[in-house]
Each structure stands twice: as C-alpha cells, then as structure tokens.
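Per-entry structural report
Each chain, written out:
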Amino acid sequence: MTIITPFTPWASLAGGILIGLASVLLMRSLGRIMGATGILSGFLMPLSREDWAWRAALLAGMATAPVVMMIATGSMPAVQVPVSTAMLLVGGFLVGLGVFFGGGCTSGHGVCGMARLSPRSFVATLTFMIATGVTVFVVRHVVGG
Amino acid sequence: MSGLIRLITLYAIGLLFGIGIMLSGMANPAKVLNFFDVAGTWDPSLIFVMGGALITTLIGYRFVLPRSESAATPLFDKRFHLPTNRSIDAKLVGGATVFGIGWGLAGFCPGGALPALGTGVPAVYIFTAALIAGLLVARFLAHRPFMRQPSGRAA
C-alpha cells in the first residue's frame, strides 16, 4: 500500500530548523548530542537518578509536541502508516539492533555528527541512507511490484 | 531550584525538537518512505528537513562547542559529553546498514517515533516496543564474550 504525500518544502524546512535549534540548545545546556537513540538508551538503562531525570524531561517534551500542536492549530499532525504490523515489528527490531551497534541514528549521526564534521557520522549516514533506499526499492518495486 | 530550571529547560528543548519533527514530516512514515521511493511516488520534502537541521546545527555548534578542553562548560553540566569513538569499522557500517533496512521496512526512525508517541497512533507504539526490544537484545549480545570489545554506549 502506498500513500501519495504532497511536497511540503516550507513546513519541512521550518521543522528541520527547529530540530537544529533543539540540537544546538541541548549542546549549550548539557553538552550533549541530540541523538534519539542515545537519549532513549540512557533512559531505559540509566546510569544514575540525575542522568535519568533529564532524559525523562526531554522525552516528555518530545511526546507532548503533537498535543501542543493540536491545541495551537486544532489538528493533530499526520502519521500515515503504509506498512503492515509485521513490517513495523521487524523494522522496529532491526532499527533497535542497528542503532545500538551503529552508535546512532538520523538525529545523532545524520544531524549532530555531521554538523561536528565527524567522518564516522558521514560514513554511518551515507550507509543507512543507501540501505534505506535499497530496502524501499526492493519492498515496493521488486517484492511488491 | 536549579535542578528544576534544568528539567524545565530540557522539557522545552524536547518540545522544540518534537514540534520540529512533527512539522517536518519525519514522524510520518508515508512521507519518509516516499522520500526514498525515487522510482515511484517520490516526495523530496525530507531534503529540506535534513538540510535545514544540518545547516542550523552546523552554524549553532560553532558558537556552543568548546574550542579547547577547558574553554567553557555547558549551562547545566560540568563538562561536554562528546562522542570519542572515531573508529570506522564493520560494527559502524553493519549497524548503519541494519538500521537502514529497518527504517526502510517500518518508515519510522527513533527520532521520528518518540515525538509521534504523543499522537496516540497505535502503530507508533508497536514500532517503539520493537525498537526497545532490539536495543535490549543488542545490549545483551554486546555483553557476551564473543562480542566484547572496547566501545561506548550508543550515541
């Protein structure tokens, strides 16, 4: 199943800038990378109570964003899922394995690591972008086509 | 008191990140998968997300990253916690590949899914539960003798 989505350059650019601002502010506040993987891992397996508390506050902020937007604009941002439950489960599991061993995801490597000009993050980002593109091509045009 | 200000600041940063993610379309698997489907229903929007986030962070980090070890400290911490692992190895490339395959199957990445939890859409919870399972299994595997080698926790 494929859902056609409209091209939204301005909303996407504005969203990207906010993601960037949040990353810069986290570095200024705590001296840390805004990587969703690292923040979640540390939340699930905290080193100390203090370490857990800031992660919980950050995650709470993230998860209340759709509600705040709903109150401000009157509509919930779209989450359209064109894949089966099995693909969500297998995909989610692989994402968890991959980001652990790869040391980060789109936010950690793709935004913060690349912004630090880290060669490791360039390699990781290029690798997962290619792997994602190939996977989508295979799912949609080889298996499903 | 300063502890409370710290938590409120972090909540606000999380909120900013979450609004950015929701507004950008990164939390919408249909949009994410269409970005990668160049041969089909291509939607190039995510170039603007990555571009906007990267340029903003690139510029902002120039002002907030320390120039030398002892130059400055963050507002709410005694030191910066920057990743020190610089190795480009099979673990990095293999992990990134597996992540990419998962992202291509599900359409959610961790940074997209966490803010989307607030929408209440069941698929986000299914994905996040599987993501957590994957993280825990990976951590278990990493602590087995055959995998044991010096490395930090996931950044």
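Residues numbered from 1 in each chain as written. Chains lettered and ligands numbered in written order. Predicted model: local features only at pLDDT ≥ 70, side-chain atom pairs only at ≥ 80, totals over all residues.

1. Quick look at the overall build of chain A
Helix and strand counts for chain A come out as six helices and zero strands. Across chain A, helices and strands are ordered from the amino to the carboxyl terminus as α-α-α-α-α-α. If one aligns the C-alpha atoms of chain A with their principal axes, the spans along those axes are about 50 × 40 × 30 Å. Taken over 145 residues, chain A has a buried fraction of 57%. (Helix = DSSP H or I, 4+ residues; strand = E, 2+ residues; numbered from the N terminus. Buried ≥ 20, exposed ≤ 12 C-beta atoms within 10 Å, placed from the backbone.)

2. With respect to the overall build of chain B
From N to C terminus, chain B includes six helices and zero strands. Ordered by position from the N terminus, the helices and strands of chain B form the series α-α-α-α-α-α. Looking at chain B as a whole, 48% of its 155 residues are labelled buried. Pairs at least 24 residues apart make up 43% of the contacts formed inside chain B by residues separated by at least 6 positions. (Contact = placed C-beta atoms within 7 Å.)

3. Examining the packing of helix α4 (residues 85-102) of chain A against helix α4 (residues 90-106) of chain B
Running from amino to carboxyl end, α4 of chain A crosses α4 of chain B at an angle of 160 degrees, the nearest separation of the two axes being 7 Å. Here α4 of chain B runs roughly antiparallel to α4 of chain A, going by the angle between their axes. In this structure, α4 of chain A meets α4 of chain B at a crossing whose hand is left-handed. (Axes fitted to C-alpha atoms, helices over the stretch in contact; angles between N-to-C directions. Parallel < 35°, antiparallel > 145°, perpendicular 65-115°, else oblique. Left-handed = near helix turned anticlockwise from the far one by under 90°.)

4. A look at the interface of chain A and chain B
Residue-level contacts link 107 residues of chain A with 104 residues of chain B. Every element with two or more residues in the side of chain A that touches chain B is listed here: α1 (9-30), α2 (36-44), α3 (49-73), α4, α5 (106-115) and α6 (119-143) of chain A. When residues of the side of chain A that touches chain B are assigned to their parent elements, the largest contribution, 21 residues, is made by α1 of chain A. Classifying every residue of the side of chain A that touches chain B by side-chain character gives 68 nonpolar, 34 polar and five charged. (Nonpolar A, V, L, I, M, F, W, Y, C, P; charged D, E, K, R; others polar.)

5. Re the environment of I47 of chain B
Tracing the sequence through the fold places I47 of chain B in helix α3 (residues 45-64). Sequence separation between I47 of chain B and F35 of chain B is 12 residues, and the spatial gap between their C-alpha atoms is 8.3 Å.

6. Some remarks on the nonpolar core
The biggest cluster of nonpolar side chains holds 86 residues, and the ones touching the most others in it are A22 of chain A together with F127 of chain B. For this core, the leading source of residues is α1 of chain A, giving 11 residues. With residues near it in sequence (within four places) discarded, F127 of chain B still touches L88, G91 and G92 of chain A together with A106, F108 and A113 of chain B. (Core = buried A, V, L, I, M, F, W, Y, C linked by C-beta atoms within 7 Å.)

7. A closer look at the packing of α5 of chain A against α6 of chain A
Residue and element names in this part refer to chain A. Axis separation between α5 and α6 bottoms out at 8 Å; the angle between their running directions is 150 degrees. The angle between α5 and α6 places the two elements in the roughly antiparallel class. Of the two possible hands of crossing, α5 and α6 adopt the one that is left-handed. In this structure, α5 uses H109, G110, G113 and M114 to contact α6, whose residues at the interface are R120, S121, F122, A124 and T125. Among the residues making up the contact of α5 with α6, the classes are represented as three nonpolar, five polar and one charged.

8. Concerning the confidence of the model for chain B
Predicted coordinates in regions of low pLDDT should not be interpreted in detail. Residue and element names in this part refer to chain B. Overall, the prediction assigns chain B a mean pLDDT of 91, with 90% of residues at 70 or greater. Note that residues 151-155 has pLDDT below 50 and, in this model, 18 contacts with residues that lie over four places away or in other chains. In the predicted assembly, ipTM is 0.97 and pTM is 0.94. (pLDDT = per-residue confidence, 0-100.)

9. Section: α4 of chain A
Residue and element names in this part refer to chain A. The end-to-end C-alpha distance of α4, which contains 18 residues, comes to 25 Å, matching closely the 26 Å that a straight helix rising 1.5 Å per residue would cover. Buried residues dominate α4, accounting for 13 of its 18 residues. Downstream of α4 by one or two residues, G103 has phi in the positive range, about 75 degrees. (Expected span 1.5 Å × (residues − 1).)

10. Details of the environment of T125 of chain A
Along the chain, T125 of chain A falls in helix α6. In this structure the C-alpha to C-alpha distance between T125 of chain A and S12 of chain A, which are 113 residues apart in sequence, comes to 19 Å.

11. Topic: unusual backbone geometry
Of note in this structure, L117 of chain A is not a glycine but carries a positive phi near 55 degrees. As for its placement among the helices and strands, L117 of chain A is situated in the loop between α5 and α6.

12. Regarding the environment of A138 of chain B
Here A138 of chain B shows up in helix α6 (residues 122-142). Note on A138 of chain B: 23 C-beta atoms within 10 Å, which makes it buried. In contact with A138 of chain B, other than residues within four places in its own chain, are G96, L97, F100 and F101 of chain A.

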